[in-house]
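Commentary on secondary and tertiary structure
In case you want the letters, here they are:
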Amino acid sequence: MSANTVIDVQDLRVRVGAARIVNDVSFKVERGQTLGIVGESGSGKSMTVLAATGLIDAPSAKVSGTSMLDGQNLIGLRRSKLEKIYGERIGFIFQDPATSLNPVLTLERQLTEGPEAHLGITRRAARRRALDLLEAVGIPDPEPRLAAYPHQLSGGMKQRVMIAVALACDPALLIADEPTTALDVTTQAQIISLVRSLQERLGMGVVWISHDLGVISGVAEEVSVLYGGQVVEHTAITDIFNNPLHPYTQGLLRARPYLGGAQEELVTIPGSPPDPKNLPKGCVFYDRCPVRLDSRCETELPPLTDVGDGHLVRSFCATSGGENVRNAWEGTRV
């Protein structure tokens, strides 16, 4: 693990009873880097990050693997030690700030309790820090806002406050779990721009979870595509758009609407994601794949293979020619 590595996750697994939710997921995030994690609902995106940061505490969940942060493995770490890491070393922005912010506490209290607890500063110093944070995230006239409660803010302002809370102790790692999903397009763009500018200034690593490749393209340098709790493709964000190799990735890209382009109809991926209690023996995408090899894909699990320059893909079909896979989706228009 290099000095610039913020978090290093290896062979992460999550089992809940018979359900295999996350299956041998590995990733690293460097300082100043954003990793995008993308996939459909139920692909294991959020569960991967929750497990990697020790936030899964359900007795029925079994988490294994390693998640190294500051020389500590977060997997299996006691709750008392994890609480010292949250806020100070890891900040979280969740999808719905209305449920993430405490409705009965003022913004001032929610912004100051972290620095007071983790940085050991006085209430007065924490209040000054809170004002600076609100100004940094673009909240106008921040001083009177400190006395406000979350219900008095718009959705976009709540999300900005959530970002301020996440950054209150200058964490090394920021987890953004679909933070723009509930916002209108204009506010989405503002939040993305805000996080990028704050990242450049603070040098933190970011993990950005989304089902929208368009959003990921605006924030990430690298992207992991998850399906059935597995990484099926990982590469630089430019390669995902210019040279996607996995049939699932190509299906996701062709399902995106285009404005002013030649594509007139959307492509759909037939079927549904696999049941984590009954994953296929072979490739997890077998039932929905338009170019599957019945003799092999049904019975063998493809390894995650480096096909060059760090472009990883888990598919027997990808190496037979990406153009063949792209053409196969032509028959699935809606």
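To be clear, the structure that these remarks concern was listed above.
Let me sum up the structure you'll find in this document. (Residues numbered from 1 in each chain as written. Predicted model: local features only at pLDDT ≥ 70, side-chain atom pairs only at ≥ 80, totals over all residues. Heavy atoms only, no water.)

Focus: the pattern of salt bridges
- Going through the model one piece at a time under the given rule, you end up with 12 salt bridges.
- For Glu116, the salt bridge identified is with Arg109, shortest N-O distance 3.2 Å.
- For Glu116, a relative accessible area of 23% gives the class partly exposed.
- A single salt-bridge network, built from bridges that share partners, covers Glu108, Arg127 and Glu143. (Salt bridge = Lys/Arg side-chain N within 4 Å of Asp/Glu carboxyl O. Buried < 20%, exposed > 50% of the residue type's maximum accessible area, 1.4 Å probe, protein only.)

Observations concerning the sheet that holds strand β1 (residues 5-16)
- Reading across from one edge, β2-β1-β4-β5 is the order of the 4 strands in this open sheet, with antiparallel pairing throughout. In this open sheet, the two edge strands, each paired with only one partner strand, are β2 (19-30) and β5 (72-73).
- In the sheet, β1 pairs with strand β4 (residues 61-69) via 7 bridges, with the strands oriented antiparallel. In the sheet register, Val16 faces β4, and the bridge partner there is Ala61.
- Where helix α1 (residues 45-52) meets the sheet, its contacts fall on β1, β2 and β4, and the angle it forms with β1 comes to roughly 115 degrees. (Pairing = 2+ DSSP bridges. Helix = DSSP H or I, 4+ residues; strand = E, 2+ residues; numbered from the N terminus. Contact = heavy atoms within 4.5 Å. Axes fitted to C-alpha atoms, helices over the stretch in contact; angles between N-to-C directions.)

Notes on helix α8 (residues 185-202)
- The terminal C-alpha atoms of α8, which comprises 18 residues, lie 26 Å apart, in line with the 26 Å expected from a rise of 1.5 Å per residue.
- Within α8 the residues assigned to the buried category are Thr187, Gln188, Ile191, Ile192, Leu194, Val195, Leu198 and Gln199. Around the axis of α8, the buried residues are gathered within 160 degrees of arc, so they sit on the same side. Looking at α8, the residues exposed on the side facing more than 90 degrees away from the buried face are Val185, Thr186, Glu200 and Arg201.
- Buried residues along α8 sit in contact with β3 (34-38), α5 (123-136), α7 (155-166), β7 (173-177), β8 (205-210) and α9 (213-219).
- Gly203 lies just past α8 and shows a positive phi near 70 degrees. (Expected span 1.5 Å × (residues − 1). Arc of directions from axis to C-beta.)

Side note on the packing of helix α4 (residues 107-119) against α7
- It is at 9 Å that the axes of α4 and α7 come closest, and there the two elements cross at 25 degrees. One way to sum up the angle between α4 and α7 is to call them roughly parallel. In contact with Leu107, Gln110 and Leu111 of α4, α7 contributes Val161, Ala164 and Val165.
- Split by residue class, the contact of α4 with α7 holds 5 nonpolar, 1 polar and no charged. (Parallel < 35°, antiparallel > 145°, perpendicular 65-115°, else oblique. Nonpolar A, V, L, I, M, F, W, Y, C, P; charged D, E, K, R; others polar.)

Quick notes on unusual backbone geometry
- A positive phi angle, close to 55 degrees, is found at Asp24, a residue other than glycine.
- Relative to the elements of secondary structure, Asp24 occurs in strand β2.
- For Asp309, which is not glycine, the phi torsion reads 60 degrees and is therefore positive.
- Following the sequence through the fold, Asp309 ends up in the loop between β11 (305-306) and β12 (312-313).
- According to the relative accessible area criterion, Asp309 is exposed, its value standing at 82%.

Function cannot be read off these values alone, since they describe shape.
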